[in-house]
Amino acid sequence: MGDSRPDRRTTRAVPSPAAASAGRVPAEPGPHSAAGPPAFAPNVLKLQAPRPLRKAVRRKDLVGSLLGETAPLVLFSAPAGSGKTATIGQWLEADGRTSGWLQLDAGDNDPVTLLQYLARALLALTPLDTKVLMWLALPEPPIREAVLPAMVKAVSSAPPFILVLDDTHFVRDPRCWEILGMLVEAVSVGSSVVTSGRADPPLHLGRLRSKDLLAEYRFPRLCFGREDTVALLALHGFEPEGPVVEALELATEGWPAGVYLAALAWKASDGPRPLPSGERREIADYLISEMLADQSADVVRFLTRTAIVSRLCPELCTVLTGREDSARLLEAIERENLFLIPLDDRREWYRYHHLFRELLEVELKRREPRLLTKLHGKAAEWLAARDEIDEALDHLLRAGLVEQAGDLVAAAWWSRFVTGRAWTARRWLDNFSPDEIRAQVDLRLAASWLLALTGESKAARDLTAGLEPSELDIAPRLGAPSAATMAALVRAMLAPHGPLQMVEDARFAARLEEAGHSPWHAVALSLVGAGTWLGGDDEGAVEPFQEAIRASEGLPGGADLAALGGLSLLAADHGKWEEARAYAEEAVRRTAPYEAGDYLPNSAARMARDRLMAREGDDGAVADLTDMLESLDPGFCPWTPASVSLCLTEAFIDRGEVLAARLQLDAVQAGLRRWAPAPGLLRRAEAFEVRLRARSSVEPISRAELRVLELLPTHLTTAEIAERLHLSPNTVGSHIKALHRKLDAGRRSEVVEKAVMAGLLPRPPEQ
C-alpha cells in the first residue's frame, strides 16, 4: 500500500449473504483443501462443438448470410429439430474467426458454475487473465470485484471471435443472464456471442435491436426450402417425384427434423409413405414409430433404455442395458443416422438429438413402464459416483425415489458450498416439500445452512427450531464438520435467542472441533468473541478473537478475518484508532495472495476498513458501507447489519449530515427492538444518540478539526500532532484555536472535557 490507510475500494461489491455475514475466507486453490473435497472439475465435453451428423444438408444460403454477420448478439430461437446446432456448426467451419462453444445444461443455472465454463471458453479466444480461474475456485468468488471486470476487459479487447452458447433455455437464473448481458455488450468489434435455444433469452433484446446490435434467426428462416428437402432425401438414396416432395413439405412445413425423420422412416420401409397432418410433435411420433418398427428388438431396447440419460458412453450404456457390446451398438446406431450425435473426436461420448430422445422416452414408458424406476436408479448411482449431482438428482426424482434424492443432496451440498456454488445446492432444495426436508435430519441440517446462506433466514430458523446440536449423532460428510457442530454453528449465526445463547452454541461447537486441525474450531471461537461483544463485555471479547486468529493459522475458514475485523471495531469504539488501523490492515494483508484488488470476503473486516476510511473523509467507504447494508439478510448474523448501520451513523455524524445520521440510528434502534437484547449494540447506539444530540447544539466541526481533536487527550505537543497528521504546526494551531472557540473552552483539558460531553470524543474508561 502506498499510504497508511487500508486499501480503497474501486468497485462496489454486492456479496451474497454468505460472504457478508458468515465471514468466510477462501482456502488456497488446489486439488484438495481442509474445507472440503476436490475443487470444481469441468466437463470438457461441454466446451466442444458437437460433431456433425454423417448425412446432413449443407445450408449454403443460410451459412452465406451468417458469414457476414458481426452483430454482438446472434440469436437462434426456434423449436427442437429446427437445425439450429447443425447450422451454427456449418457456419463456424466456414468462418475464419476463432470460435468457442459452450453446451449449456441445467447444472449451469448458477452464476459461479456458468462463469467457470465461460472462463475456460474465453481462454481459447482471448488473453483472459488466468487469475480468473483462481478467483472462481474460492469459496466466495469476487465476481463483481474482479471476475467480471477481467472478463469484460478480455472480450472488449479480443481479436474477432464467435462464442456459441447452445441450449440457453436450460439457464433461467436472472443473475446468469445479467452476466451474459454484460459480456454481450462488451464484445469487441467484429465479434459475436451466439445464443441458441428453444425460447428467447431474457436479455434486453429490444434495446439491442434498436441499436442494430442483434441478428435474429428464427424458425421461418431456418426452415427447409424445396432445394434443402430434395438434397436431404438424396443423401438417403431417394429421388422422389414432385408430388411426394410437395406432400412432405406440406406436412412438415419445412421443419428440418420432420424431413430428416421422414427420410429415415422411408429408408426403413423401402419407400415413401403418406404422412399424417397435425402438429410437429404428432408427425414426429408417427415417423419415429415407423422407423422403430423396422429395427430389431435388440436395437429398440437399447435405444429406449439409454434414452433416459442426456449423455452416453459405452460404460453407462452397459450399466443401463446389461450389454457388453455397447460400444459396437453405438457405432452402428450412428452409422444408421438414428439421431445420435458424437460429442468428441474419439467417439467415446454421444448424445441423442433432444427431440429424438424425448420421443424415445415416451416409447420406453409405453413398452417397459415397470423398468423406469430401476433404470433411473442405475443411472443416478453411476452419475453420482462421478459427481454429476444435478443429473443424478434428476433421475432419482423422476423415479420417485425422494428419500434417496434427499440422501444425495445431504451428501453433496457441502462440496458445492465450499467451491462457491451454494446457489446450485440451494436450487436442489426446491425439489422437496417442507415435510420431506424435515423428515430427513441430515437434509434438514443442510437446508438450514443453505437457506441461511442464501438470504432465507426465517425459513432457516424454522428448520433449526427444536434441532438440538447435542442430540445429533450423524457421521460427518467428506470435509464437513460433524452434524452437531453444523447445527450449533448455524444456530449461533442465526442467533434467534440473542447473544447469550449464541455464545453457548459457539462454545459447544468449539469444544467439538479439534484445535489446530479443524477450521471450524476457529470459526466457533470467532463467534464466541462476537457474541461476548454483543453481550456488552468488550474486554471479554478480546481473548476469543485472539484465540480464533491463532487457531486459524494454516487453515481455511475465514475466522482470522472475522476476528481481526472484530478487534478493529472494538479498538475504534474505545478511540484506539491506531490499533484499529493495525488490525484492519492485517486483514487486508491476508487477502493479498488472491490478487483480487479490494476484495474482502468478510463483513467485519470490510466494515472495519470502511469505518477507518470514512473517518478520513473517503466517500467511497460510505458508499461501500451502504452497498453492504443493502445486500445483507437482517435475519442471518443479525448483528452485522446493525453494526454497519452504526458505522454509517458515525460517518454521517462526522460529516455533519445530521438528518442522514438520524435516519440510520432510528433504523438501528428499531431493528434492535425486534431482536433479542444486545447490550453491546445498545450501548453504541446510545453513545451515538448522545453525540447526535450534542452535535445539533455545537457549531459544526470540520473533519480536519475533528482529527486534531481526537489527539488532544494525549500528551502530544502541537508540533508532534502536526507530525502525526502530516500537517504544518501552523495549520494544527489554527485548528486548535477554532476548537477552543467552537466549544467555548479555555484550557486544552477543557476542550477535551466539553468534547466528551458533546459526544465528539469517547468517554475515558476511568470516567
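The rules we used
Each chain carries its own residue numbering, running from 1 in the written order of its sequence. In keeping with the model being predicted, local features are shown solely for residues with a pLDDT of at least 70 and side-chain atom pairs are shown and tallied solely at 80 or more, while totals for entire chains, interfaces and linings include all residues. Values shown for side chains rest on all heavy atoms present in the structure; no hydrogens or waters enter the calculation. Working definition: helices are DSSP H or I runs of at least four residues, strands are E runs of at least two. Numbering for both runs from the N terminus. The rule is simple: take the accessible area with a 1.4 Å probe, protein chains only, and divide by the maximum for that residue type; under 20% is buried, over 50% is exposed, in between is partly exposed. Contacts: residue pairs with any heavy atoms within 4.5 Å of one another. Only the protein chains shown count as covering a residue, and every accessible area follows the Shrake-Rupley method with a 1.4 Å probe. Only four residue types enter the tally: Lys and Arg on the positive side, Asp and Glu on the negative side, with His and both chain ends excluded. Lysine's charge is taken at NZ, arginine's at CZ, aspartate's at CG and glutamate's at CD. Aromatic rings from Phe, Tyr and Trp, with only the six-membered ring used for Trp, were paired whenever their centres fell within 6.5 Å, and each pair was classed as stacked if the ring planes differed by under 30 degrees, edge-to-face if by over 60, and tilted otherwise. Only when DSSP finds a minimum of two bridges between them are two strands counted as paired. To get an axis, a line is fitted to the C-alpha atoms, and for a helix only the part in contact is used. The angle between two axes follows their N-to-C directions and goes from 0 to 180 degrees. Should an angle fall under 35 degrees it is taken as roughly parallel, and over 145 as roughly antiparallel, whereas 65 to 115 is taken as roughly perpendicular and any remaining angle as oblique. Each helix crossing is assigned a hand: it is left-handed if the near helix lies turned anticlockwise from the far helix by less than a right angle, otherwise right-handed if that turn is clockwise. Salt bridge, as used here: a side-chain nitrogen of Lys or Arg that lies within 4 Å of a carboxyl oxygen of Asp or Glu. To form a nonpolar core, buried Ala, Val, Leu, Ile, Met, Phe, Trp, Tyr and Cys residues must be joined to one another through side-chain atoms within 4.5 Å. Starting at the helix axis, one direction is taken to each C-beta atom, and the arc is that of these directions. Consider the strands pointing away from the viewer: the crossover is right-handed when the path from the first strand over the helix to the second runs clockwise. As used in this structure description, the phrase polar contact means that two N or O atoms lie within 3.5 Å; if the pair is within protein, one of them must be able to donate a hydrogen and the other to accept it, and residues adjacent in sequence are counted only when both atoms belong to side chains. Classification used: nonpolar for Ala, Val, Leu, Ile, Met, Phe, Trp, Tyr, Cys and Pro, charged for Asp, Glu, Lys and Arg, polar for all others including Gly.

Colleague: Please explain the overall build of the protein chain as it appears in this structure.
Modeller: The helix and strand tally for the protein chain stands at 39 helices and seven strands. Taking the principal axes of the C-alpha coordinates as reference, the protein chain spans close to 110 × 60 × 40 Å. Classification of the 767 residues of the protein chain by burial places 57% in the buried group. For the protein chain, the proportion of contacts with a sequence separation of at least 24, taken over those separated by at least 6, is 71%. Taken as a whole, the protein chain presents about 31,800 Å² of accessible surface, with 52% of it coming from carbon and sulfur. Here the protein chain contributes 89 positively and 106 negatively charged side chains, and the mean placements of these two sets differ by 2 Å.

Colleague: Quick question: what am I supposed to make of the packing of aromatic side chains here?
Modeller: Enumeration according to the criterion identifies 13 aromatic pairs in this entry. Here the aromatic rings of Phe76 and Tyr217 are separated by 5.1 Å at their centres, their planes lie at 10°, and the arrangement is stacked. Linking Phe76 in strand β1 (residues 73-77) with Tyr217 in strand β5 (residues 214-218), this pair joins segments that are 141 residues apart in sequence. Considered together, Phe76 and Tyr217 belong to a single accessibility category, that of buried residues. Ring geometry for Trp413 and Trp414: centres 5.2 Å apart, planes at 90°, overall edge-to-face. In this pair, the class of Trp413 matches that of Trp414, namely buried. A network of ring pairs unites the aromatic residues Trp413, Trp414, Phe417, Trp449 and Trp520 as a single cluster.

Colleague: Can you help me understand the sheet that holds strand β4 (residues 192-197) in this one?
Modeller: Whenever strands of a sheet pair, they do so through backbone hydrogen bonds, lying parallel or antiparallel. Judged by pairing direction, the sheet is parallel, and its five strands sit side by side in the order β2-β3-β4-β1-β5 without closing on themselves. Of all the strands in the sheet, the pair left with one neighbour each is β2 (98-103) and β5. Across the sheet, the mean angle from the axis of one strand to that of its neighbour is 15°, orientation sign disregarded. Note: β2 against strand β3 (residues 161-166), six bridges, orientation parallel. Bridged to Ser99 within β3 is Ile162.

Colleague: Would you mind going over the packing of helix α30 (residues 577-590) against helix α31 (residues 603-615) with me for this structure?
Modeller: The description of two helices packed together rests on the angle between their axes and the distance between the axes. Their axes nearest at 9 Å, the elements α30 and α31 cross at an angle of 130°. Here α30 lies oblique to α31, going by the angle between them. Judged by the twist between their axes, the crossing of α30 over α31 is left-handed. Residues Trp577, Ala580, Arg581, Ala584, Ala587 and Val588 of α30 form the contact with α31, whose own contacting residues are Ala605, Ala608, Arg609, Arg611, Leu612 and Arg615.

Colleague: Even after reading the chapter, I still don't get the pattern of salt bridges, so can you show me in this structure?
Modeller: Pairing of side chains with opposite charge becomes possible as their charged atoms draw close. Using the criterion set out here, one finds 59 salt bridges in the structure. The salt bridge involving Glu216 is made with Arg218; its shortest N-O contact spans 2.8 Å. Relative accessible area serves as the criterion here: at 23%, Glu216 is assigned to the partly exposed category.

Colleague: I'm lost on the nonpolar core in this one. Help?
Modeller: What tends to happen in soluble globular proteins is that the nonpolar side chains get buried as a cluster. Of all hydrophobic cores here, the largest spans 186 residues; its most connected members are Trp413, Trp449, Trp639 and Leu681. In contact with Trp639, other than residues within four places in its own chain, are Ala492, Met493, Ala495, Met502, Leu527, Ala530, Trp533, Leu534, Trp675 and Leu681. Grouped together as the second largest cluster of nonpolar side chains are 49 residues, Leu104, Leu115, Val155 and Ile179 included.

Colleague: Would you mind going over helix α16 (residues 326-335) with me for this structure?
Modeller: An α-helical turn contains 3.6 residues, so any two residues separated by three or four positions project in the same direction. Every buried residue of α16 is listed here: Ser326, Leu329, Leu330, Ile333 and Glu334. Projected down its long axis, α16 carries its buried residues within an arc of 135°, all on one side. In this structure, the buried residues of α16 make contact with α14 (297-306), α15 (314-321), β6 (340-342) and β7 (350-352).

Colleague: Looking at this structure, how should I read helix α10 (residues 226-235)?
Modeller: Every buried residue belonging to α10 is among Asp228, Thr229, Leu232 and Leu233, and all of these are buried. Relative to the axis of α10, the buried residues are bounded by an arc of 130° and lie together on one face. On its buried face, α10 sits against α11 (242-252) and α12 (256-268). Positive backbone phi, approximately 85°, marks Gly237, located one or two places after α10.

Colleague: Can you walk me through the pairing of β3 in this structure?
Modeller: Consecutive residues of a regular strand have side chains that alternate between opposite faces of the sheet. Within β3, six of the six residues are buried, which leaves it mostly tucked inside the rest of the structure. Along β3, one buried face is formed by Phe161, Leu163 and Leu165 and the opposite face, lined by Ile162, Val164 and Asp166, is buried too. One ladder, built from five bridges, connects β3 with β4; its direction is parallel. Its bridge partner being in β4, Asp166 is matched across the sheet by Ser196. Regarding the hand of the β-α-β motif, the stretch spanning β3, helix α7 (residues 174-186) and β4 is right-handed.

Colleague: Would you mind going over unusual backbone geometry with me for this structure?
Modeller: For residues besides glycine, phi is generally negative; the peptide bonds are generally trans as well. Look at Arg347: it is not a glycine, yet its phi comes out positive at around 55°. On the accessibility criterion, Arg347 (30% relative accessible area) is partly exposed. Even without a glycine there, the phi angle at Ala495 is positive, about 45°.

Colleague: Just to check I follow, could you spell out the pairing of β4 for this structure?
Modeller: For β4, a buried count of six out of six residues is recorded, marking the element as mostly surrounded by other parts of the structure. Side chains Ser192, Val194 and Ser196 of β4 all project onto a buried face; the interleaved residues Val193, Thr195 and Gly197 project onto the opposite face, where all are buried too. Pairing geometry for β1 and β4, over five bridges, is parallel. The partner of Leu73 across the bridge, within β4, is Val193.

Colleague: How should the side chain of Arg416 be read in this particular structure?
Modeller: Here Arg416 shows up in helix α20 (residues 402-417). Within polar-contact distance, the side chain of Arg416 engages the side chain of Asp387 at 3.0 Å. When sequence neighbours within four positions are dropped, the list of residues in contact with Arg416 reads Asp387, Ile389, Arg421, Ala422, Thr424, Ala425 and Trp428.

Colleague: Sorry if this is basic, but what is going on with the packing of α10 against α11 here?
Modeller: Between α10 and α11, the least distance of the axes is 11 Å, while the angle of their chain directions is 110°. Between α10 and α11, the angle falls in the class roughly perpendicular. For the pair α10 and α11, the crossing hand works out as right-handed. Here Arg226, Thr229, Val230 and Leu233 of α10 come into contact with α11, specifically with Val245, Glu246, Leu248 and Glu249. When grouped by side-chain class, the residues that make up the contact of α10 with α11 number four nonpolar, one polar and three charged.

Colleague: Sorry, what's going on with the environment of Ile283 here?
Modeller: Looking at where Ile283 falls in the secondary structure, it is placed in helix α13 (residues 280-293). Ile283 gets classed as buried once you look at its relative accessible area, which sits at 1%. Considering only alpha carbons, one finds Ile283 and Gly258, 25 residues apart in sequence, at a separation of 7.1 Å.

Honestly, it's all geometry; don't read function into it.
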